[in-house]
Amino acid sequence: MKRYIFVILSLIVLSNLLSNDNHMNVPVGQAIYPNFISNHNRDNERLAPVWTFNNLPTSILMSYNDYMIGGYNNLPMQLIPDAMGGGYFLTFHAKRTATGTRRVIYSYIEQNGTVHNTNDLTTDTYAQGYSAMDIDPISGKPIYAWHSPVDTDTSQEVMVSWDRLLEGVPGSLTTPALIIDNPITITSPSGITTTNNEFNWPIVKIGPSPSVGMQRVYVLTRNYSIYNFTSENPLIAWADFTSTMLETGSPLVWNQVHIPVLDDWHVVTDWKQPSYGFTVGNDGRIYLAGHHKSQTPEADMDVFVCENYGEGTWQHYSAFSNFPSWNPPTQNGAGPGFFMNPVNVPFTDSQMRWKIQNARNVNAVIDDNGLIHVTAMWMLSNSNNVDYPSFNTIKEFVFDTNTHQFDIREVYPIAGTSSDSLRWQPWDADGNGIVDQYDQATGNPLMRDDWNFCYWDDNVSYMRDDYNFYKITEPNAQGWMASLWQNSYKARRCNYYGDSQYAAYTTVPEIYISVSPDNGLNWSEPIIINSVETAQFSGNRPMWAYPSDKIKYEGIINGHPVGKLGLMYYHDFTWGSYNGSSTGPEDGGIVKFMTINIEFPMQGISGISGIVKRIDNQLPIANATITSGLYTAISNEQGTYVMNMPAGSYTVTASAEGYVPMIVNNVVVTNNQSTTLDFSLNEITNPATEVVASIQTGNSAVLIQWDSPVSGSNLSFDLEKKLKDSQMIPKSSVVNLRDRNLTGFKIWLLINGQENNDEAWILIGTVPATDNSIIDTSWENLAANTYRYAVKAVYSGSILSSPSFSNTVIKPVVNSDPSNSPSITRIISASPNPFVSTVSISYELKSNSPARLDIFNINGQHIKTLNTALSQKGINHIVWDGTNDRGDKVGSGLYLYRLDAEGQIFTKKMMFLK
């Protein structure tokens, strides 16, 4: 919706203002505030996405520390992948009592929204603050950093700890390790040495390491100390680790890296104040990205790049955030420009501009295309370096790490599209260079003002520099992103200008969330969440709202792709967030979280999408291939896939290593819609072999014997094996995974001809994997018929193989003489197979007769004769101890055992594992 203001009074020139962050004074330019009356004609230019609550606002912890709870330049709420249990890890600082010590806190939120393990990160008694974290993508363990005065000097140190997640349960925090012991001495490239440098406010990022089998964690900190001016030059600590090191809590070896250019900025006499986020690529490059203020005009958007995992040379790329505006004419377009200098001379069009301003608290992310994204506020200003704070807009700058080019994209409001050359102006919403509307009474242009801050009153000292908050999420696998900031326009209209129509918003800050479906090429009209218009948010007064690090793809719901976004915020009892000379009192509030589901557009693309899961426990299957003719898609870690294809009817196949492919026919795809198609795949498991049923003497029982599966289980599928080996999945979840271990066999009796009707089968019993036979004693009481037996191998997680069937056995009408029972001469089995020390070889004779049993290697060479004597009618057993005729142990390998009896020769294989 548009907001128009009718400006009827001349501009009031204010004196130079001092602005600072929560700890330092820094100079800024003049500020000129238009004194205006708004007519509040507002209309929708584009629709915000449809959204609903997934988890309603939920309390985590009462806190009496109400300023910037989660840090300045990081995202302290991290999404846990489903393969690692799902949910979120959070960290923030809080004071549990009004007179208590500020502590750093962690919390674990289950996938269903249940809050668990909200505790202090450490048990020490030092004051702590500004915690940050990142989740190791291999092990799923969160690594935390914060600052705290842990030694005898007056400086704060930077500490690190991580959650070992023992047995998959959060809360096994390692003993904190000191990684930056302030103060630190630095000699800048210009040769100036400073000794009082104190590095605080950590940002944690995890990426690849140049060491094989390891990951690298980076902790970027910023300098608190002042030389000539505030500069906050960074110091980066890094360490390599493995999943095992995290599991065992092994100490990490920490190294430190400076950025020389920024060390020089710290000591120069030309004041420079940076505001940076930090991010890590998957290619060994690390990035510091943001902007800076300076006393002299210069390129102010910055990206610092290190090519070699933080150990190489740093490169600095920069560009101007300024882009042109123009001075709208008065007198219905015939008069001079509206904006004038202090002596009432209109500025020329070329003297009006937009630039980054009041955007200290930003973060940076990188997408799969190598583009870095930073969201910030752009403010209207003039060539005298005077700002117009009520005229502000949200944009992002994008830096291409391959071409080193900068681009500025509109987020809110948007003139044409986010990525075109049209620029929104407060009096020119469509960017066509023409004033949209004039006031009929005065002939002055109507303008749209705004207040994209989380507090309304800029008379509070340092408010604009402290109370800005612009956060952007990492793109997910679908390229979805969210940009979050806060807005207090309605409260400002009521409190500052006495506009009674906004009386309900007197103490109502709003959360604004724009989303992008395409890696930031296009941004939506923002979702607006406040306690007046959002019924389920009633009573909440959000300050310091943080999004989770990424949007989770939830699948296709009601024909629309849906993503879930987590949010953490501080519900401030007395709005204002006390900060030094800012508003007070610091009388407490509640740290809360919530999640929302957001519908994303199909963008005119037709096709199919869905989730590929295991049929037994519904865990997602990553790297499954979905194909239909020329069209192919691959599922991600959450098992989701999207396959674009034109309208028509298709046969679609989903396949994954270790699973039985699933084919679905007659899948209908319609224009501009996505058809939901989910797959549930059965695991491939090798069955038992050589199932033989033999009626025992007296016709009172049947002996069922079989050979173990050829390879024991299918070990080719490696995704879950990698997850378990690296402890990426909590041990408590292992029972749900494909361990691929043979655990036993199940045996059923069935009537011959009922092989495809397993509901009619009768379970005879279950035996462990070490057994290869069972006796059916129910045989004696069975009705006369022809029967078979089915054997299924059982694997970990109660996964069953396909059945293997025995020969048929006949139950006669009446009991017959045992001597008339069917009997054959045959070799039965070697058990166990494979064997380690000894193996029992069984064979059956139809009469008492000589039987020769020999062992051969796979090349046919004779190894040993086990028997040449007379054997008894029925089943006989001979044990081989793995030796040859000389008594020497043979080597591991495949061997043949051959029975020569009653004019017949039988040969079978067995495996010896030495």
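Residues numbered from 1 in each chain as written. Predicted model: local features only at pLDDT ≥ 70, side-chain atom pairs only at ≥ 80, totals over all residues. Heavy atoms only, no water.

So, about the overall build of the protein chain. When helices and strands are counted, the protein chain shows five helices and 66 strands. Within the span of the protein chain, comprising 914 residues, buried residues form 58% of the whole. Considering only intrachain contacts with a sequence separation of at least 6, the fraction spanning at least 24 residues in the protein chain is 61%. If you sum the accessible surface of the protein chain, you get close to 34,800 Å²; carbon and sulfur atoms cover 50% of it. (Helix = DSSP H or I, 4+ residues; strand = E, 2+ residues; numbered from the N terminus. Buried < 20%, exposed > 50% of the residue type's maximum accessible area, 1.4 Å probe, protein only. Contact = heavy atoms within 4.5 Å. Areas by Shrake-Rupley, 256 points an atom, 1.4 Å probe, with all protein chains shown as cover.)

This next bit is on the nonpolar core. Core analysis: the biggest nonpolar cluster contains 89 residues, and Phe 92, Val 303, Phe 339, Ile 372, Trp 378, Phe 397 and Trp 544 have the highest contact counts within it. Among the elements that line this core, the one with the most residues is strand S29 (residues 371-382), at seven residues. (Core = buried A, V, L, I, M, F, W, Y, C linked by side-chain atoms within 4.5 Å.)

The next thing to look at is the sheet that holds strand S51 (residues 702-707). Taking strand neighbours across the sheet as the criterion, the three strands line up as S50-S51-S54 in an open arrangement whose pairing is antiparallel. One side of each edge strand has no neighbouring strand; the edge strands of this open sheet are strand S50 (689-695) and strand S54 (773-776). Averaged over all pairs of adjacent strands, the angle between their axes in this sheet comes to 15 degrees, without regard to strand direction. (Pairing = 2+ DSSP bridges. Axes fitted to C-alpha atoms, helices over the stretch in contact; angles between N-to-C directions.)

Our next topic: the packing of aromatic side chains. Within this structure, the stated rule accounts for 47 aromatic pairs. When the ring of Tyr 67 is compared with that of Tyr 467, the centres are 6.3 Å apart and the planes differ by 65 degrees; the resulting orientation is edge-to-face. In this pair, Tyr 67 is assigned in the loop between strand S7 (51-63) and strand S8 (77-79) and Tyr 467 in the loop between helix H3 (463-466) and strand S33 (470-472), connecting sequence segments 400 residues apart. Given a relative accessible area of 5%, Tyr 67 falls into the buried group. Since its relative accessible area comes to 0%, Tyr 467 is described here as buried. A ring pair is formed by Trp 880 and Phe 912, whose centres lie 6.4 Å apart and whose planes are at 50 degrees; its orientation type is tilted. Taken together, the residues span a long stretch of sequence, with Trp 880 in strand S64 (residues 874-880) and Phe 912 in strand S66 (residues 904-912) at a distance of 32 residues. Of the aromatic side chains, those joined through ring pairs into one cluster are Tyr 67, Tyr 455, Trp 456, Tyr 467, Phe 469, Trp 544, Tyr 546 and Trp 575. (Phe/Tyr/Trp six-rings, centres within 6.5 Å; stacked < 30°, edge-to-face > 60°.)

This brings us to the side chain of Asn 200. Relative to the elements of secondary structure, Asn 200 occurs in strand S18 (residues 199-208). When its relative accessible area of 2% is taken as the criterion, Asn 200 is described as buried.

Attention shifts here to the pairing of S54. By the alternation rule, side chains of S54 split into Ile 774 and Asp 776, which are all buried, and Ser 773 and Ile 775, of which none is buried. Sheet topology note: the S51/S54 ladder contains four bridges and is antiparallel. For Ile 704, the partnering residue across the bridge sits in S54 and is Ile 774.

This part is about the environment of Cys 494. Its place among the elements puts Cys 494 in helix H4 (residues 489-495). Between the C-alpha atom of Cys 494 and that of Ala 504, which follows or precedes it by ten residues, the distance is 8.5 Å.

With that settled, consider unusual backbone geometry. Across the junction of Tyr 412 and Pro 413, the peptide omega takes the value -10 degrees, indicating a cis bond. Turning to its location among the elements, Pro 413 is positioned in the loop between strand S31 (406-412) and strand S32 (446-447). Cis geometry is found at the peptide bond from Asn 833 to Pro 834, where omega equals 5 degrees. Although it is not a glycine, Tyr 130 sits at a positive phi angle of roughly 55 degrees.

In this section: the side chain of Thr 640. Within the secondary structure, Thr 640 sits in strand S44 (residues 640-644). Only 2.8 Å separates the side chain of Thr 640 from the side chain of Asn 636, close enough to count as a polar contact. Aside from chain neighbours lying at most four places away, what touches Thr 640 is Gln 478, Tyr 553, Gly 610, Ile 611, Ile 634 and Ser 635. (Polar contact = N/O pair within 3.5 Å; in protein donor to acceptor, adjacent residues only side chain to side chain.)

Another point: the sheet that holds S64. Reading across the sheet, the three strands line up as S59-S60-S64 and stay open at both edges, with antiparallel pairing between neighbours. Two strands lie at the open edges of the sheet, namely strand S59 (826-831) and S64, each paired on one side alone. The mean angle between the axes of side-by-side strands here comes to 20 degrees, regardless of whether they run parallel or antiparallel.

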